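Fold and geometry: a report
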Amino acid sequence: MTKSPKTIKITPRDPLVARDGRPFSEGKRMKSLDWIRPSVVIGSLRTLVGKLNQKGFNKNTIKELKDISITGPFPYVNNKLYFPTPLDMVLKEEGTQNSEGEKSTYTSIHQLKPGKYNEGEGSTLPRYLSPAMLYPKEQFKPLKRPAFCSKNQMTQWLLTKDIKTSELNKLLQYNKKDGSFFNNNNVINFPKKEERIHLKICPESGSAEEGKLFSSIGLDMNIHDNNGDILPLEMLAKLDTDIPQNELFKIISKLNHIHPCGGERRLVKWNICNNLEKIWECPKEIQEAIKREKKLRMVLATPAIFENGWLPGWLTIKEEHETKCIGTIPGTEIEVQLVSVVNERWQPLSGWSYERNKPKPISRMVPAGSVYFFKITNSVSDEDIANMWLQSVCDDTQLKKDGFGLSLWGIW
Amino acid sequence: MSEKNDKTINFWIHALSAIHVGTGKGAGYIDLPISREKVTNWPYIPGSTIKGVIADYYDASDSGDRREKDKKKKAAFGIAGDNNSSAGSLVFTDARIVCLPVQSLYGTFAWCTSELVLRSLSRDLEWGKLCLEEEIPVAPENKVLVIEGSSLIEKSNKKIYLQELDMDTQICEKTERLAEKIANLVFPDDEEWRKKFKERFTILPENVFNYFSEMGTQVEAKIRIDPNTKVVDKEQGGLWYQEALPAETILTGMVWCDKVYEENIQAKELTDKYCTGKKTIQIGGKNTTGQGRITLSFMEAKNKKED
């Protein structure tokens, strides 16, 4: 492995079209994803690099291009990196009243973590899984989570064992009016969606052609900060290769180009940054906490595709009556036992293969932000912990390179 | 990528009449509003609109066999369809606002902009390898920046009167240099217009610019007259309001030419043919009522750095 990764900043010029697999044409409305898939971004970048190579797309070139791996893309706003908000974070709206009777609201954070059934309770979960319970125990309708947390806030959350002792509650202020969050820019929402109606003008008549009406949706890559100022929402990703003599990877080190990304060929600037390498490192306090504790928490920073649906292929169900699910974390020697999972409904992934000139089969993805709780059953080294931060936990090698299943780690 | 294989060219739009590039039906009090960016709420012209009118200008609309018959048209604009479709190599971005004309008590109208608009312009020019090469000044709260000798200022109290707002002014050298630079880009061959532009150029505080971009556009009330009775058509002649970008608005965008897959055609050939010079062209809706007349000028960096 070269281990000379490059950091790339991706700046969209116009709203980015992040389509799902559904067809759209005359009379049909386009559907937009909330955030672009990593495969779309690395696909466009590989195409750009292939064009810059100017030797055509032969078998060897395609092999080298497909070997270029991506970590990201993650939102990058005002020099801060953001990760998807973990699903074990549950928000509650609280109200207070001061002595003059004025009401105000704030947001408190609850957490989901492995718990036990009370007597007489049960579920259809596999026997090796404990239910994820809400702490502190309370009944309420959760608020919608912000889409992304800053790296600093994510680090604090990953170090949180018991929400009662945490200072996190003070970090969020919920704006009920527009559903946005303000907390010194530690969280941001998904980009706003902009819908456009397109029609076709007939050159002979000068009027709109009958039936040639369709809509498209783009993600407006600008956001408002706390002060109401508008900031560009850029994306940051890390690129690497496993082939030591990958000639095409050398092109990346000087990349400062324009190339479309996503649907409708909206233009994006691809710019290598040489001073942001540290942004990808695992925070020291997390490394120390994981070494100290035996309870490990994995948060998916990008959607993951596993051999067994939501269950990674590197975990095996053992023993009679399926009471244990154990495995070794990919790229490390850390042995773990799965305790509980917090995830959401699967998301579809499709795409167009330029290599085969046909659509890719649809895969089911575990959503980004899903959380897996483990117990560590052996000893762990510093190197292992540093290595597993933002590494892919997918089972398929190409999916790993395409940026799926990137993992963040903490304790519980 | 070598210059043979990809190319970026900036373009400028100067509205000679009001422009109505609409969104269909509006939900507010304006029945036919113009397109606006989602976050900034500033007016813009979609890239697909610009591509459409350029294709039409060169008789290359995606209709009949115009593109199939001509290799360059096919390479530049592409062909839609299920079987033999191919993407065009020319990619047009949206045209973003640079200067919005606002009615002024002195100087007739002001070409208004803001720091954020200029930052966005600076980024766009950099993409096209042009450069503003000037520091962008920020208008202090409740003051607008103008140049020495501005025709917008009331001489005794040094105030500016834009629509219903009156504000204090501050003469700023950086603003003057920026005005000069933008004037050279928008009106490269017209010294008189360059002078008029600079005299009317002003940088507004962000919230004031946002106010004018929302409330300072042209809104017209329309009715339909029954040709027989010569009064309002009772069936279909209802009152409606339509919005337009006012004449003299200045917008900018860029066109990027991708690798050309058509044999023996280089990117430069396509940009030299379709993205060059200055054209008077019609864009958007309501053209039969005189709307949408613009000049569209393409501008390539003279000292283009080799990639």
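Residues numbered from 1 in each chain as written. Chains lettered and ligands numbered in written order. Predicted model: local features only at pLDDT ≥ 70, side-chain atom pairs only at ≥ 80, totals over all residues. Heavy atoms only, no water.

1. Description of the sheet that holds strand E21 (residues 335–342) of chain A
All names here are of chain A. Counted only if it meets this: Each pair of strands is called paired provided DSSP finds at least two bridges between the two strands. The helix and strand labels rest on DSSP assignments: H or I over at least four residues marks a helix, E over at least two residues marks a strand, and numbering proceeds from the N terminus. Geometry is summarised by axes, namely lines fitted to C-alpha atoms with helices restricted to the contacting stretch, and by angles between N-to-C directions that run from 0 to 180 degrees. Residue contacts are defined here by distance: any two heavy atoms, one from each residue, within 4.5 Å place the two residues in contact.
In space, the 6 strands of this open sheet follow the order E19-E20-E21-E26-E18-E27, with antiparallel pairing throughout. Two strands close off the open sheet at either side, each with one partner strand: strand E19 (315–318) and strand E27 (407–411). Between one strand axis and the next, the sheet turns by 35° as a mean value, whatever way the strands run. Pairing between E21 and strand E26 (residues 371–376): 6 bridges, direction antiparallel. In the strand pairing of E26, Gln337 is matched with Lys375. Against the sheet, helix H5 (residues 284–292) touches strand E18 (295–300), E26 and E27, its axis set at about 60° to E27.

2. Overview of the interface of chain A and chain B
Just so we agree on the cut-off: In this description, buried area is defined as the sum, over both parts, of the accessible area (probe of 1.4 Å) that is lost when the two are combined. The rule for a salt bridge is simple: a side-chain nitrogen of Lys or Arg has to be within 4 Å of a carboxyl oxygen of Asp or Glu. Here a polar contact is taken to be a pair of N or O atoms separated by no more than 3.5 Å, where protein atoms must pair a possible hydrogen donor with a possible acceptor and residues adjacent in sequence count only if both atoms sit in side chains.
Contacts between chain A and chain B engage 33 residues on the former and 39 residues on the latter. Roughly 3000 Å² of surface becomes buried between chain A and chain B when both sides are summed, with 54% attributable to carbon and sulfur atoms. In terms of surface lost to chain B, no three residues of chain A exceed Arg13(A), Ile258(A) and Arg265(A), which account for 24% of the buried area on that side. There are 4 salt bridges connecting chain A and chain B. Lys51(A) is the salt-bridge partner of Asp258(B), the closest N and O atoms lying 2.8 Å from each other. Applying the counting rule to chain A against chain B returns 15 residue pairs in polar contact (both at pLDDT 80 or more).

3. Observations concerning the environment of Ile68(A)
Residue and element names in this part refer to chain A. With respect to the secondary-structure elements, Ile68 resides in the loop between helix H2 (59–67) and strand E2 (69–77). Taking the C-alpha atoms as reference points, Ile68 and Ile252, 184 residues apart in sequence, are found 9.7 Å from one another. Contacts of Ile68, omitting those with residues within four sequence positions, involve Ile42, Leu45, Arg46, Asp240, Asn246, Phe249, Ile252 and Lys401.

4. Concerning the pairing of strand E5 (residues 103–114) of chain A
All names here are of chain A. In this sheet, E5 lies alongside strand E4 (residues 89–97) in antiparallel orientation, the contact comprising 9 bridges. Among the inter-strand pairings, Val90 is bridged to a residue of E5, identified as His110. Adjacent in sequence and paired antiparallel, E4 and E5 are bridged by 5 residues, among which Gly101 carries a positive phi angle near 85°. One ladder, built from 4 bridges, connects E5 with strand E6 (residues 132–135); its direction is antiparallel. Looking at the pairing, Pro114 lines up with Ala132 of E6.

5. A few points about the sheet that holds E2(A)
Strand order across the open sheet formed by 8 strands is E10-E7-E3-E2-E15-E1-E17-E16 (chain A), with antiparallel pairing between neighbours. The sheet is open, and its two edges are formed by strand E10 (187–188) and strand E16 (256–260) of chain A, each paired on a single side. Of the strand pairs in this sheet, strand E7 (residues 148–150) of chain A and E10(A) are connected by 2 bridges, and their pairing is antiparallel. The partner of Phe148(A) across the bridge, within E10(A), is Ile188(A). Each of strand E1 (6–12), E2, strand E15 (234–240), E16 and strand E17 (267–273) of chain A is contacted by helix H1 (residues 38–53) of chain A, which is oriented at about 120° to E16(A), the strand it contacts most. Sheet strands touched by helix H4 (residues 115–127) of chain B: E1, E16 and E17 of chain A. Its angle to E1(A), the strand with the most contacts, is close to 115°.

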